[in-house]
Amino acid sequence: MSAPAIKICGLTTPDALEATIAARADYAGFNFFPPSPRFLDSARARALAEQAGRRIARVGVFVDADDALIAEAIAAATLDAIQLHGSETAERAAQLKSRFAIPVWKVLSIAAPADLARAQTYVGVADFLLLDAKTPKGAALPGGMGLTFDWAMLAGWKPPLPWGLAGGLTAANVAEAVRQTGAPLVDAASGVESAPGVKDGAKIAAFCTAARGA
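K.L.:
What is the right way to read the overall build of the protein from this model?
P.N.:
Of regular secondary structure, the protein possesses seven helices and 10 strands. Taking the principal axes of its C-alpha atoms as reference, the protein extends roughly 45 × 40 × 35 Å. Counting every atom, the protein has about 9,000 Å² of accessible surface; 56% of that belongs to carbon and sulfur. Averaging the coordinates of the 20 positive side-chain charges in the protein and doing the same for the 20 negative ones gives two points 3 Å apart.

K.L.:
For this particular structure, what's the right way to read the packing of aromatic side chains?
P.N.:
This structure, assessed with the given rule, holds four aromatic pairs. With centroids separated by 5.1 Å and ring planes inclined at 75 degrees, the aromatic side chains of Tyr27 and Trp105 adopt a geometry described as edge-to-face. A residue pair is termed long-range when its members are at least 10 positions apart, and Tyr27 in strand 2 (residues 27-31) and Trp105 in strand 5 (residues 104-110) qualify at 78 residues. The class for Tyr27 is partly exposed, based on a relative accessible area of 25%.

K.L.:
Even after reading the chapter, I still don't get unusual backbone geometry, so can you show me in this structure?
P.N.:
Among all residues save glycine, negative phi is the norm, and among peptide bonds the norm is trans. Phi angles above zero are rare outside glycine, and Asp64 is one such case at about 50 degrees. Here Asp64 shows up in the loop between strand 3 (57-62) and helix 3 (67-77). Look at Asp64 and you get partly exposed, because its relative accessible area is 44%.

K.L.:
Explain helix 7 (residues 201-213) to me, please; I cannot follow it from the model alone.
P.N.:
Over its 13 residues, helix 7 extends 18 Å from the first C-alpha to the last, a length consistent with the 18 Å expected when each residue adds 1.5 Å. Of all the positions in helix 7, only Ile204, Phe207, Cys208, Ala210 and Ala211 are classed as buried. Down the axis of helix 7, the smallest arc covering the buried residues is 165 degrees, so these residues share one side. Pointing more than 90 degrees away from the buried face of helix 7 are the exposed residues Ala202, Thr209 and Gly213. Residues of helix 7 that are buried in the fold lie against strand 1 (5-9), helix 1 (14-22), helix 6 (174-181), strand 8 (185-188) and strand 10 (198-199). Of the residues that open helix 7, the one with a side-chain oxygen 2.9 Å from the backbone nitrogen of Ala202 is Asp200.

K.L.:
How should the environment of Pro160 be read in this particular structure?
P.N.:
Counting through the fold element by element, Pro160 comes out in the loop between strand 6 (128-133) and strand 7 (163-165). In this structure Pro160 comes out as partly exposed when scored by relative accessible area, which is 27%. Pro160 sits 18 residues away from Val178 along the chain, and the two C-alpha atoms are 18 Å apart.

K.L.:
Even after reading the chapter, I still don't get the nonpolar core, so can you show me in this structure?
P.N.:
Here is a general trend for soluble globular proteins: nonpolar side chains tend to be buried in one another's company. Formed by 64 residues in total, the largest nonpolar core has its most connected members in Ile8, Phe30 and Leu79. By residue number, the principal contributor to this core is helix 7, which donates five residues. Not counting chain neighbours up to four residues away, the residues in contact with Leu79 comprise Phe30, Phe32, Arg58, Val59, Gly60, Phe62, Ala73, Ile74 and Ile102.

K.L.:
Even after reading the chapter, I still don't get the packing of helix 3 against helix 4 (residues 90-100), so can you show me in this structure?
P.N.:
How two helices sit against one another is set out by the angle between their axes and by the gap between those axes. At their nearest, the axes of helix 3 and helix 4 sit 12 Å apart, and the two run at 45 degrees to each other. By the angle between their axes, helix 3 is oblique relative to helix 4. Every pair of crossing elements has a handedness; the one defined by helix 3 and helix 4 is right-handed. Where helix 3 approaches helix 4, its residues Asp67, Ile70, Ala71 and Ile74 are matched on the opposing element by Arg92, Leu96, Arg99 and Phe100. Tallied by class, the residues present in the contact of helix 3 with helix 4 amount to five nonpolar, no polar and three charged.

K.L.:
Can you help me understand the pattern of salt bridges in this one?
P.N.:
Should the charged atoms of two oppositely charged side chains come close, the side chains can pair. Counting across every chain of the model gives 11 salt bridges. In this structure, the salt-bridge partner of Asp67 is Arg99, at a minimum N-O distance of 3.0 Å. On the criterion of sequence distance, the pair formed by Asp67 in helix 3 and Arg99 in helix 4 is long-range, its members being 32 residues apart. Residues Glu88 and Lys106 are paired through a salt bridge, measuring 3.5 Å at the closest nitrogen-oxygen approach. Of this pair, Glu88 sits in the loop between strand 4 (81-84) and helix 4 while Lys106 sits in strand 5, and the two are 18 residues apart along the sequence. The same class applies to Glu88 and to Lys106, which are both buried.

How each quantity is defined
- What you see as residue numbers is a count from 1 along each chain, following the sequence as written.
- Per-residue local features are limited, in this predicted model, to residues with pLDDT of at least 70; the limit for side-chain atom pairs, both in listing and counting, is 80 or more; totals at the level of whole chains, interfaces and linings are taken over all residues.
- Here the side-chain values reflect all heavy atoms present in the structure, with hydrogen atoms and water set aside.
- Each helix is a run of DSSP H or I of at least 4 residues and each strand a run of E of at least 2, with the numbering of both proceeding from the N terminus.
- Using the Shrake-Rupley algorithm and a 1.4 Å probe, accessible areas are obtained, with residue cover drawn only from the displayed protein chains.
- As used throughout, the charge tally considers Lys and Arg to be positive and Asp and Glu to be negative, leaving His and the chain termini uncounted.
- Think of each charge as sitting on NZ of Lys, CZ of Arg, CG of Asp or CD of Glu.
- Only centres within 6.5 Å qualify two rings of Phe, Tyr or Trp (six-membered ring in Trp) as a pair; their planes then separate them into stacked at under 30 degrees, edge-to-face at over 60, and tilted for everything else.
- Exposure categories follow from relative accessible area, calculated using a 1.4 Å probe and restricted to protein chains: below 20% of the type maximum is buried, above 50% is exposed, and the middle band is partly exposed.
- Expected span of a helix, by definition, is 1.5 Å for each gap between consecutive residues, and there is one gap fewer than residues.
- This arc is built from the directions going out from the helix axis to the C-beta atoms.
- Any two residues whose heavy atoms approach within 4.5 Å at even a single point are treated as in contact.
- Under this definition, polar contacts are N or O atom pairs within 3.5 Å; protein pairs additionally need one hydrogen-donor-capable and one acceptor-capable atom, and for neighbouring residues in sequence, both atoms have to be side-chain atoms.
- To form a nonpolar core, buried Ala, Val, Leu, Ile, Met, Phe, Trp, Tyr and Cys residues must be joined to one another through side-chain atoms within 4.5 Å.
- Axis definition: a line fitted to C-alpha atoms, over the contacting stretch in the case of helices. Angles run 0 to 180 degrees between N-to-C directions.
- Throughout, the term roughly parallel applies to angles under 35 degrees, roughly antiparallel to angles over 145, roughly perpendicular to angles from 65 to 115, and oblique to all others.
- Each helix crossing is assigned a hand: it is left-handed if the near helix lies turned anticlockwise from the far helix by less than a right angle, otherwise right-handed if that turn is clockwise.
- When residues are grouped by polarity, Ala, Val, Leu, Ile, Met, Phe, Trp, Tyr, Cys and Pro land in nonpolar, Asp, Glu, Lys and Arg in charged, and all others, Gly among them, in polar.
- The salt bridge criterion pairs a side-chain nitrogen of Lys or Arg with a carboxyl oxygen of Asp or Glu, the two atoms within 4 Å.

Structural measurements only, silent on function.
Here you go:
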């Protein structure tokens, strides 16, 4: 099995972006959800995109966003993909793919095997599925809370689309996660931070090394 692709999500500073590129991650995640401690406005996203150039692909994270916000973010950060982290339906994913003509990633929040069945809904409309841990009812954020789900649920699962694994991944557990699930992409946000929204360059480097070593 080849090493998984790596996404570091919720980058907000030039230093964090540089650390992510230096660690040879494949994707930088820019979060456009205002309640998140990792929120980026268009001006800062544009500055980070200019800094990155073509050294790393950029994924914009949105939660039930309207077309105007998504259009503004794509233009500012020259995004390579849009990641839908809310309750977006397959119809909404199809609409966005048609309008913006860039790959659409859909996050599935997983707590039970039945949640995996929803993957089938997005066949033909999403380009990529990201499996994340379901946050508790009433939580302010849909992800980035350091929670994992039971990876054993993925035993025997036949993914209908290219996919990746998120939710509570750190340098300490990512190799085991890849061994257990065979995830072709791993995504870290809170697991490479020293405080909510504050990325740690050493943790980013350690995570990327551990993921590739899996």
